[in-house]
Amino acid sequence: AGFRGAVFVVLSENDITAHEFVHHTRDHPAWSKAMASPLVQRQDVREADHTFSTPAAHRELVQGTANWLARLTAATAVTPPDIRANTRIEAPLP
């Protein structure tokens, strides 16, 4: 048995590591099967480098991650715990 949760894979177009990952998943049946799972969502960010250093690439990374988390939360009906309920706050929050 392996991990059976949702996975979000973000790959940058101009990144040798991302290219190696794509080739590895394509060339190895177990990885191909894992990446084809409905629990795996892949986002490719065009013209991005390994660190998503341009404003456009960073925005796409953040927006894609936020969208994935929102869908994951909605699909699993999980509500994040209220951190404030268990935290002593010395100063008022904005």
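The residue numbers shown here count from 1 along each chain, following its written sequence. Only residues with pLDDT of at least 70 get local features here, since the model is predicted, and only at 80 or more are side-chain atom pairs given and counted; chain-wide, interface and lining totals rely on the full set of residues. Side-chain measures here rest on the full set of heavy atoms in the structure, leaving out hydrogens and waters.

Q: Lay out the overall build of the chain with the relevant residues and their values.
A: Only DSSP runs of H or I with at least four residues qualify as helices, and only runs of E with at least two residues qualify as strands; both kinds are numbered from the N terminus onward. On a plain count of helices and strands, the chain comes out with three helices and two strands. N-terminal to C-terminal, the α/β element order of the chain is β-α-α-β-α. Among the 94 residues that make up the chain, the fraction classed as buried is 17%. Under the convention used here, a 1.4 Å probe and the Shrake-Rupley method define accessible areas, while residue burial counts only the protein chains that appear. Carbon and sulfur atoms form 60% of the exposed surface of the chain, whose accessible area is close to 7400 Å². Remark: exposure states derive from per-residue accessible area (1.4 Å probe, protein chains only) relative to the maximum for the residue type, with buried under 20%, exposed over 50%, and partly exposed in between.

Q: Which residues make up helix H3 (residues 55–76), and what values do they have?
A: The length a helix should cover is 1.5 Å for every residue beyond the first. For H3, built from 22 residues, the straight-helix expectation of 32 Å at 1.5 Å per residue is met to within 8% by its first-to-last C-alpha distance of 31 Å. Turning to H3, its buried residues are Ala57, Gly64 and Trp68. Take H3 and look down its axis: the buried residues cluster within an arc of 35°, on one side only. In H3, the exposed positions that point more than 90 degrees away from the buried face belong to Pro55, Arg59 and Ala74. Arc, as used here, means the arc of the directions from the helix axis to the C-beta atoms.

Q: Pulling in residues and values, what's your account of the packing of aromatic side chains?
A: Any pair of Phe, Tyr and Trp rings, taking the six-membered ring for Trp, is counted once the centres come within 6.5 Å. Such a pair is stacked with planes under 30 degrees apart, edge-to-face with planes over 60 apart, and tilted for the rest. Inspection of the entire model under this criterion finds two aromatic pairs. Here phenylalanine 8 and tryptophan 68 contribute two aromatic rings whose centre-to-centre distance is 5.3 Å and whose plane-to-plane angle is 10°, an arrangement assigned as stacked. One end of the pair, phenylalanine 8, is in strand S1 (residues 7–12); the other, tryptophan 68, is in helix H3, with 60 residues separating them in the sequence. The same class applies to phenylalanine 8 as to tryptophan 68, namely buried. Aromatic pair phenylalanine 21 and tryptophan 31: ring centres 5.7 Å apart, planes at 80°, arrangement edge-to-face. A residue pair is termed long-range when its members are at least 10 positions apart, and phenylalanine 21 in helix H1 (residues 16–27) and tryptophan 31 in helix H2 (residues 29–35) qualify at 10 residues. Relative accessible area serves as the criterion here: at 24%, phenylalanine 21 is assigned to the partly exposed category.

Q: Any details on the pattern of salt bridges? Residues and values, ideally.
A: Oppositely charged side chains are able to pair whenever their charged atoms sit close together. Salt bridge, as applied in this entry: a Lys or Arg side-chain nitrogen positioned within 4 Å of an Asp or Glu carboxyl oxygen. Evaluation of the coordinates by the stated rule reveals three salt bridges. Here arginine 26 ties to aspartate 27 by a salt bridge, and the two come within 3.4 Å at their closest N and O atoms. We classify arginine 26 as exposed; its relative accessible area is 52%. Between arginine 46 and glutamate 47 there is a salt bridge, with the nearest N and O atoms lying 3.9 Å from each other. The pair formed by arginine 46 and glutamate 47 is uniform in burial state, with each residue classed as exposed.

Honestly, it's all geometry; don't read function into it.
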